[in-house]
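# Notes for the structure review
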Amino acid sequence: MFREANVRWAGAPFLRWCWRLIAAAALVRLLLVGAFMVDARFAFGAALPGDAFYRTHSCLTAYWQAAALARDGAINLYDAALYEHHTVDGFGIDAYLYPPPFLLWPTAAALLTDNFRVARVGWFVVELGLFIWAFGAVAAWVGGRPGARCLLWLPVVMTALPVLLGLQMGNFHLAAIALAMLGMVAVEEEHPRWGGFCISVAIGAKLFPAILLIVLAGRRKPTPILWTLGWLVAETAGTLVLFGVAPLKSFIAFQLPQLFHGDPAPWEAPGLFGTVNSSILGLALKIRAVGVPIGPVAASVMGWVYAVTLSIGALAAGVMHAKDKPGEAAAEARHSRGDEERLRSAQAWLAFLGLASMAAPFLPDAYAAVASLWLLALAGPARRSRRAALAVGFLVLWPVLPSRIAVPGFEHARLTFTSVAQLVLLAVAGGVAWNVGRRRNARPASSIIG
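Just so it is clear, the model here is predicted, and its values are computed rather than measured.

What counts and how
- Residues numbered from 1 in each chain as written.
- Predicted model: local features only at pLDDT ≥ 70, side-chain atom pairs only at ≥ 80, totals over all residues.
- Heavy atoms only, no water.
- Core = buried A, V, L, I, M, F, W, Y, C linked by side-chain atoms within 4.5 Å.
- Buried < 20%, exposed > 50% of the residue type's maximum accessible area, 1.4 Å probe, protein only.
- Helix = DSSP H or I, 4+ residues; strand = E, 2+ residues; numbered from the N terminus.
- Contact = heavy atoms within 4.5 Å.
- Phe/Tyr/Trp six-rings, centres within 6.5 Å; stacked < 30°, edge-to-face > 60°.
- Salt bridge = Lys/Arg side-chain N within 4 Å of Asp/Glu carboxyl O.

### Considerations on the nonpolar core
Side chains that are nonpolar tend, in soluble globular proteins, to be buried together. If you look at the biggest cluster of nonpolar residues, it comprises 125 residues, and the most contacted ones within it are Tyr63, Phe131, Phe172 and Trp374. Looking at which element gives the most residues to this core, the answer is helix α6 (residues 116-142), with 13 residues. Setting aside its immediate chain neighbours within four residues, Phe131 contacts Val157, Met158, Val163, Leu174, Ala178, Val370 and Trp374. One finds Leu281, Ala284, Leu285 and Ala299 within the second-largest nonpolar core, a separate group that totals 6 residues.

### Observations concerning the packing of aromatic side chains
Tallying each qualifying case throughout the model produces 22 aromatic pairs. Seen from their ring centres, Tyr78 and Phe251 are 5.7 Å apart, and the 50° between their planes marks the pair as tilted. With a gap of 173 residues between them, Tyr78 in the loop between α4 (60-71) and β1 (87-88) and Phe251 in helix α14 (residues 246-261) connect regions that are remote in the sequence. For Tyr78, a relative accessible area of 5% gives the class buried. Phe251 gets classed as buried once you look at its relative accessible area, which sits at 9%. Ring geometry for Phe102 and Trp123: centres 6.4 Å apart, planes at 85°, overall edge-to-face. You can see Phe102 sitting in the loop between β2 (91-92) and α5 (104-112) and its partner Trp123 sitting in helix α6, a full 21 residues away along the chain.

### Some thoughts on the side chain of Gln65
Tracing the chain through its elements places Gln65 in helix α4. The contact partners of Gln65, leaving out residues within four places of it in the chain, are Leu82, Tyr83 and Ile93.

### So, unusual backbone geometry
For Asp89, which is not glycine, the phi dihedral falls at a positive 50°. Within the secondary structure, Asp89 sits in the loop between β1 and β2. Judged by relative accessible area, Asp89 falls into the partly exposed class, the value being 38%. Unlike most non-glycine residues, Leu207 shows phi in positive territory, near 70°. Relative to the assigned elements, Leu207 resides in the loop between α11 (192-206) and α12 (211-218). With relative accessibility at 40%, the residue Leu207 sits in the partly exposed group.

### Quick notes on the pattern of salt bridges
On inspection of all chains with the given rule, the structure shows 4 salt bridges. A salt bridge links Asp39 to Arg41, with the shortest nitrogen-to-oxygen separation between them at 2.9 Å. Note on Asp39: relative accessible area 28%, which makes it partly exposed. Residue class for Arg41 comes out exposed when judged on its relative accessible area of 74%.

Next up, the structure:
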C-alpha cells in the first residue's frame, strides 16, 4: 500500500510536496490540541479557539461523574439533577446518557488515576490512537490503490473540525466508529472473537453500531454476531458485579422510555437543538424552522420510518453481499475482485454507521460528519466531472461553525449552513448505502462518492 502511495506521487512532485506540507500542518495542529488538553488555559491550541462553549465543554465529565456515582451506589445514574450545576476541574458536568456497560471504561481510567486532568489527557491519547489505528487498518485491509488513496487523505481528515472537536470534547463517538470498523475488519480476517469484542464495546457505548449486526445477519455470519452478544453479556455482568443492579434497572425503567417517548425540550428551544442537532429529529426541527408545520408526533413518525427503512437497507446490503459470494466461491471471488471488493465493503460499513448515528435523538453537529468524511477519503477514482462534488463534500463537512451559545444572533447563518451540511451527510452516506443494497452487478459504490 505504501508503495502504491509512492507510485501515485512519482509523477507529481508538486502534489507530493503539497501533501508533505499538509501532513506537517496536521501534525502541528494535533500537537496544539494536545497542548490544550494538557492545560486548558492554552486556549490558542483549542480546535475552535474563539468559542468559549467548546473550550469549556467535555463529554468525559459525564463518564467520570457517572462512574463515581455508580461506585457510590447511586440509585438512578440517569437523573439529570445529579449532574446539573456541578463542575470538575472547571468543566461543567454533562448528564450521563449511555448504557450501563460503558461505565466499565471510565472506571478503568479512574483505577489508573483519580485526577480528572490526567484522565482527560489519557482519554484524548487513547481515542486519537484508536482513530488513527482504525483509519490505517481499514486502508491497509482495502489495500492497493484504494487503500493508498485513503491513507493519503489521513492528514485532511485528522484536521477536520468534526474530528478535532470530537477528540477535544472527549466524546466516545469517534472511538465507537473506530472500534466498529476495526471489528468488521477482524471479522473479515476470520477473527470473530476480537471482532465481536470491538463491536460490543462500540454498541455498549453508543448503541448505533448495532446496525452492523443486521448487516452480518444478512450475510449469514452468525459467529461474529454470537461473539458480539456474548461480549455484551459479559460486559453487562461486569457492571452488575461492580455496581449492582441499580444502573441496569434505571437504564431500563428510566432512560430507555425517555429515548422512545421523546423529549419535549427540543420543541421548546428549537433554535438551539435545530441547528446543533444533526439527527433526524434535528432535521425535523430545521424543517420547522423554515416554515413547514411539523410537530413532535410527525417528527417521531419520521424517525421510526427512518430507523425501519435503514434496518431493511442494512439487511438487504448483507443479503446481496452474501448472494454475490456463495459457498466455496467466496475466496476465489474475493481474490479476483481484491481491492475493489474490500473497498465496497468498507464503504458500506461506514455508510450504515453514519446513517445509524443519525437515528439518535441528539447528534451534535460538532462531530456528526466523522463517518462521512472517512467515506469521502475512501472514495474510488474520481472522474473529472465528480472531482468537484468530492471537493464540495469535504468543504462542507470539514468545518464546524461556532456554537450558537457562544455567538448570539448567529442562528440564521447556522441554520442555513447546518441544514446544507446535514443534507450532504445524508447524500454521501445514503448514496453509498443505497448502492450496496442493490445487486452487486450495479455500478460500483465508489462512483457514488467519487
